[in-house]
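# A structural walkthrough
As a plain string of letters, each chain reads:
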Amino acid sequence: MSLDDPRTIHLADYTPFTHVVEQVHLTFRLAPGATRVISKIAFAPNPDSKGGAFFLHGEDLKLIHARIDGESVIPNAAEGGITCDVPEGPFTWEAEVEISPQTNTALEGLYMSNGMYCTQCEAEGFRKITFYPDRPDVMAPFDVRIEGELPVLLSNGNPAARGDGWAEWSDPWPKPAYLFALVAGDLVNHPDRFTTRSGRDVELNIWVREPDLGKCAFGMDALKRSMKWDEEVYGREYDLDIFNIVAVDDFNMGAMENKGLNIFNSSAVLASPETATDANFERIESIIAHEYFHNWTGNRITCRDWFQLCLKEGLTVFRDQQFSGDERSHAVQRINDVLALRARQFREDNGPLAHPVRPESFVEINNFYTATVYEKGAEVIGMLKRLVGDEGYSKALDLYFSRHDGDAATIEDWLKVFEDATGRDLSQFKRWYSQAGTPRIAVQESFDNGTYTLTLSQSTPPTPGQPDKEPLVIPVAVGLLSPNGDEVVPTRVLELTEAEQSFTFDGLSAKPVASILRSFSAPVVLERDQSASERAFLLAHDTDPFNKWEAGRALAKDVLIRMITEGAAPDPALLTALENVARDETLDPAFRALALGLPGQDDLAQTLYQSGRTPDPLAIYDAVQQLRKAIAEQLGTTLSDLYDDMAVHGPYRPDAGDAGQRALRQAALGFLSLLDGGVRAQSQYETADNMTEQLGALACLLDIGKAETALAAFRHQWQEDRLVMDKWFGLQSGLAAPAKAAAAVHRLTEDPGFDWKNPNRFRAVMGGLAMNAAGFHDPSGASYALLTDWLILLDPVNPQTTARMLTAFETWKHYDADRQGLIRENLERLAATPGLSRDSSEMVGRILG
Ligand code: 0A1
Ligand code: ZN
């Protein structure tokens, strides 16, 4: 549909705006149902313009009056905005519009959440606030005045003046409209300060509703660590006198990097030991860092147009991953990043929604805040760094910041700084930005007379609109181990540039075991037939922590695939290998926890599909259950020792060391609960003094069907805490038994606590169902129908969240004809809904293909 949709926008059609904006002045007179926005904007002709009518975006705005240089004008209505005759030289545009934050349920533009006013303008929400050239290449300094009877009135930049019922803010840094923000409400702050390395004293605040004040300390600490890290590692300093973060309960995404006024989904900033899990703390740390790092990669240097989204997002994700690795553990970070990449991005690349890191067309840009743009975008930068080396990367980044500060830049600009800083030709590398799909690398090996030859062949499967693919530049990090387990060739980066290429290693005394794609040096699928014993060897001896983990994962996957397709029994070799890792005290507990984690059911379905088989979600579920049981039985004593030894004593701390111990203990508890009838889990539930252990115990009890009492107690304890109750909802839908999932989720939707207009709550319940693979794909189709019913209801209220949830169906063609028929029926029913949003109609059109 997107290809011939008349609303499609193409990268190739980019033209600069007719004018530049020299200054913006905005006044807000806040009122829930009728806020007045008065704008005064200084325009001047853009010397780079190719001509055309003067056009301002505007949506859902009631125009009260407009003036040009003080004279009233009546603009002409145009698609998505207005046009107007304007003077040839510079002029001042003034407009007064009325908007209704109270009825804005889409959470885009100016809206209300729990009585507070807030904004979300990325990507194209500013046009719902006033008439403006709402495009990222139009950058301007903003002065803002807010009038409203609320204690806290915030906007971007530095505070300029304030009085009773009003406040003025001035942002000296030119910015695109998508970075505009305003917050007004009855809020309190968790304050702190940071002195930058050049001595600027910065006031820091996290603004929340009063009951949440006790949940800000960790976020504040993460912010200060991020500010320091960006100075030390990238030489980037903060550039205003104040940095504000606000927590909002109703938010479509994780958080937003508005200049000097970051707005966060409360789930991405609020945490206390009693209410947040280790995973929550880790996510908060990385999102705080991500939004802060955008101040340079996104705000000071922004994107010319939305096709360049990966310019800011890929780079900022890469930076936040580096930060988290530095703060915690690089090995664990890399494994978790790859797990997420495979679960979300490989899945996307493998279906109808596949698109390049830099897409070339879209109907609704909000549909392109994807794992491909973000996570694959970050992988591309990681490859670039590996190819040019750490020093080359540093030089290129310094050049990027000095050459493009204040610019709205492109991927071409980005690659050019690498070329200029390192002298390397990146024309072939650039294909990573334009070619969709996950490359496959097939491996052949030979050994002759002391020489080991590694032959790698690359191919990328067709994706929508891209039937034929060109070879990419792929950095493949390889090390060689001798048969006794010593590393004989340390990591070397091979550059695969041809469709097929051979690499030789001389002077070896015996045929080595190769460790290929160390650190997951490229986002590819490695096709390598390897025996169980070789995998177990690498799991035991590889010096590269990622590949060590990967060997165990591949071994478990092979075993599970044989169990699913041939009805094989759990392979004792796997059980022994897992036991060895679990007992190996030289290994970080967090690593051991990851090694004990089995491949996800969706991952197994993808693997089966890629090898030409039709996945049966129930057979996958059964095999995983059977293997878990076998592990529990075989490793019983080891697991029980681990459960005891890994107990963390003393007050809860969310650091990597303690969290790793808890993760390993939880992995053990998951298996042990299959044997002990939930005795340990029940007792842990009752004694836990932190959410990680309380929720971990609850999950184990749910898993074995013994959670009724604990669920009731949990609800009773936490009913006033929205974020904790999201967990209660999410766990039940995610862990509902396959045949009962639709019914269980239906019951949850009838719970008075199911506030479906709140995106976090909707996602907890419906996202939980979508991730419950066997339950979602129940052959009756009940879960498909249930999700579709709710998406049809949500679409007119919140198109963005609806469209995003539709990705639950993106793998539908992998399944059997009956399931495909049921899904198609539901997708067509949704597509036929009168007035379906542009967001959802684009998604459903692309999914149906
Ligand atoms: N730029 C933000 C993500 C974001 C994107 C769109 C939003 O609303 C539609 C909100 C946030 C980030 O990368 O964190
Ligand atoms: Zn971002």
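No experiment lies behind these values; they were computed from the predicted model shown.

It is worth spelling out the overall build of the protein chain at this point. Of regular secondary structure, the protein chain possesses 26 helices and 31 strands. Relative to the globule expectation of 29 Å for 849 residues, the C-alpha radius of gyration of the protein chain, 27 Å, shows essentially globular dimensions. The principal-axis extents of the C-alpha atoms in the protein chain amount to approximately 85 × 65 × 60 Å. Within the protein chain, buried positions represent 61% of all 849 residues. Sequence separation of at least 24 residues holds for 69% of the intrachain contacts in the protein chain that already meet a minimum separation of 6. Accessible surface, the protein chain as shown: approximately 31,500 Å² in total, 49% of it carbon and sulfur.

This next bit is on the coordination of the zinc ion (ligand 2). All of the protein donors around the zinc ion (ligand 2) are His-290 (NE2), His-294 (NE2) and Glu-313 (OE); their distances to the metal are 1.9 to 2.0 Å. Each donor residue of the zinc ion (ligand 2) lies on one chain, and together they are spaced H-x3-H-x18-E. Here His-294 is found in the loop between helix H2 (278-293) and strand E22 (302-303), whereas its partner Glu-313 is found in helix H3 (residues 309-327), with 19 residues between them in sequence. In this pair, the class of His-294 matches that of Glu-313, namely buried.

The subject of this paragraph is the environment of Arg-592. Tracing the sequence through the fold places Arg-592 in helix H11 (residues 589-596). For Arg-592 and Gln-661, which are 69 residues apart along the polypeptide, the C-alpha to C-alpha distance reads 9.4 Å. With sequence-adjacent residues up to four places away left out, Arg-592 is seen in contact with Val-581, Ala-582, Arg-583, Asp-584, Glu-585, Leu-587, Leu-642, Met-646 and Leu-664. Reaching out from Arg-592, the side chain makes a polar contact with the backbone oxygen of Asp-584 at a distance of 3.3 Å.

For the rest of this paragraph, the subject is the sheet that holds strand E8 (residues 81-84). Reading across the sheet, the 3 strands line up as E4-E8-E7 and stay open at both edges, with antiparallel pairing between neighbours. If you trace the sheet from one side to the other, it starts and ends with strand E4 (54-57) and strand E7 (76-78), each paired once. When the angles between neighbouring strand axes are averaged without regard to direction, this sheet yields 35 degrees.

Counting all residues, the mean pLDDT for the protein chain is 98, and 100% of those residues have values of 70 or more. Across the interface, the model reports ipTM at 0.99; the global pTM reads 0.99.

A few words now on the site of ligand 1. Lining the immediate environment of ligand 1, one finds 15 residues, of which Glu-122, Glu-257, Glu-291, Glu-313 and Tyr-374 sit closest. At 3.2 Å, a side-chain N or O of Gln-120 approaches an oxygen atom of ligand 1. His-294 places a polar side-chain atom, nitrogen or oxygen, 3.5 Å from an oxygen atom of ligand 1. Protein chains shield 96% of the accessible area of ligand 1, which is 360 Å² for the free molecule. When residues of the shell around ligand 1 are traced back to their parent elements, those giving at least two are strand E20 (255-256), H2 and H3.

All right, on to the packing of helix H18 (residues 708-718) against helix H19 (residues 722-734) then. Running from N to C, H18 and H19 cross one another at 160 degrees; their axes reach a closest spacing of 9 Å. By the angle class used here, H18 and H19 are roughly antiparallel. Handedness of the H18/H19 crossing: left-handed. Along the contact surface, H18 presents Leu-711, Phe-714, Arg-715 and Trp-718, while H19 presents Val-724, Met-725, Trp-728 and Gln-732. Split into classes, the residues belonging to the contact of H18 with H19 amount to 6 nonpolar, 1 polar and 1 charged.

Attention shifts here to the pattern of salt bridges. One pass over the structure, following the stated rule, counts 66 salt bridges. Put simply, Arg-722 and Asp-755 hold a salt bridge, and the shortest N to O gap is 3.4 Å. Within this pair, whereas Arg-722 is found in helix H19, its partner Asp-755 is found in the loop between helix H20 (741-749) and helix H21 (759-771), the two being separated by 33 residues in sequence. For Asp-755, a relative accessible area of 35% puts it in the partly exposed group. The structure contains a network of salt bridges with shared partners spanning Asp-221, Arg-225, Glu-282, Glu-285, Glu-327 and Arg-328.

Along the chain, the position of Thr-410 falls in the loop between strand E24 (408-409) and helix H6 (411-422). Contacts of Thr-410, omitting those with residues within four sequence positions, involve Arg-304, Gln-308 and Leu-311.

Let us look at a negative patch on the surface. Taken together, the side chains of Glu-585, Asp-641, Asp-644 and Asp-645 make up a negatively charged region of the molecular surface. Along the chain, the position of Glu-585 falls in the loop between helix H10 (572-583) and H11. Taking relative accessible area as the criterion, Glu-585 reaches 68% and is therefore assigned exposed.

What counts as what
Residues numbered from 1 in each chain as written. Chains lettered and ligands numbered in written order. Predicted model: local features only at pLDDT ≥ 70, side-chain atom pairs only at ≥ 80, totals over all residues. Heavy atoms only, no water. Helix = DSSP H or I, 4+ residues; strand = E, 2+ residues; numbered from the N terminus. Rg over C-alpha atoms; globule rule 2.2 N^0.38 Å. Buried < 20%, exposed > 50% of the residue type's maximum accessible area, 1.4 Å probe, protein only. Contact = heavy atoms within 4.5 Å. Areas by Shrake-Rupley, 256 points an atom, 1.4 Å probe, with all protein chains shown as cover. Donors = N, O, S within 2.8 Å, 3.2 Å for Na, K, Ca; no water. Polar contact = N/O pair within 3.5 Å; in protein donor to acceptor, adjacent residues only side chain to side chain. Pairing = 2+ DSSP bridges. Axes fitted to C-alpha atoms, helices over the stretch in contact; angles between N-to-C directions. pLDDT = per-residue confidence, 0-100. Near = heavy atom within 4 Å. Parallel < 35°, antiparallel > 145°, perpendicular 65-115°, else oblique. Left-handed = near helix turned anticlockwise from the far one by under 90°. Nonpolar A, V, L, I, M, F, W, Y, C, P; charged D, E, K, R; others polar. Salt bridge = Lys/Arg side-chain N within 4 Å of Asp/Glu carboxyl O. Patch = residues over 30% accessible without salt bridge, like charges linked within 9 Å, V, L, I, M, F, W, Y side chains within 5 Å. Lys, Arg positive; Asp, Glu negative; His and termini not counted. Charge placed at Lys NZ, Arg CZ, Asp CG, Glu CD.

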